[in-house]
Amino acid sequence: GSTVTVENNGTQKIFQILGSHETNPSQGRISYKSPLGAALIDKTKGETITIQVPSGVQLYKIIDIQ
């Protein structure tokens, strides 16, 4: 149930990481099994992660974790 604020391409987004049965990506609720959710596990504030998506690689900087 962590809430993570990330920055991607200059835009900040807030995601709540939940179990797969509780997700709703349009409301910022993502699964810990999703590519982004899995990449955020065990990371800390200030780290940058990379995610492979169909359109290429996306970089996310972790701004805050609650």
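Preceding block: the structure.
Let me sum up the structure you'll find in this document. (Residues numbered from 1 in each chain as written. Predicted model: local features only at pLDDT ≥ 70, side-chain atom pairs only at ≥ 80, totals over all residues. Heavy atoms only, no water.)

### Notes on the sheet that holds strand 1 (residues 3–8)
Taking strand neighbours across the sheet as the criterion, the five strands line up as 3-2-1-5-4 in an open arrangement whose pairing is mixed. Strand pairing shows two members of the sheet lacking a second neighbour, strand 3 (29–31) and strand 4 (48–53), which therefore form its edges. Across this sheet, the average inter-strand angle for adjacent strands is 45°, counted without regard to direction. Direction of pairing for strand 4 relative to strand 5 (residues 56–65): antiparallel, over a ladder of six bridges. Note that in strand 5 the partner of Thr-48 across the bridge is Lys-61. (Pairing = 2+ DSSP bridges. Helix = DSSP H or I, 4+ residues; strand = E, 2+ residues; numbered from the N terminus. Axes fitted to C-alpha atoms, helices over the stretch in contact; angles between N-to-C directions.)

### Notes on the environment of Glu-47
Take Glu-47: it is sitting in the loop between helix 1 (35–40) and strand 4. In this structure the C-alpha to C-alpha distance between Glu-47 and Ile-62, which are 15 residues apart in sequence, comes to 5.6 Å. Among all residues touching Glu-47, those that are not within four sequence positions of it are Asp-42, Tyr-60, Lys-61 and Ile-62. (Contact = heavy atoms within 4.5 Å.)

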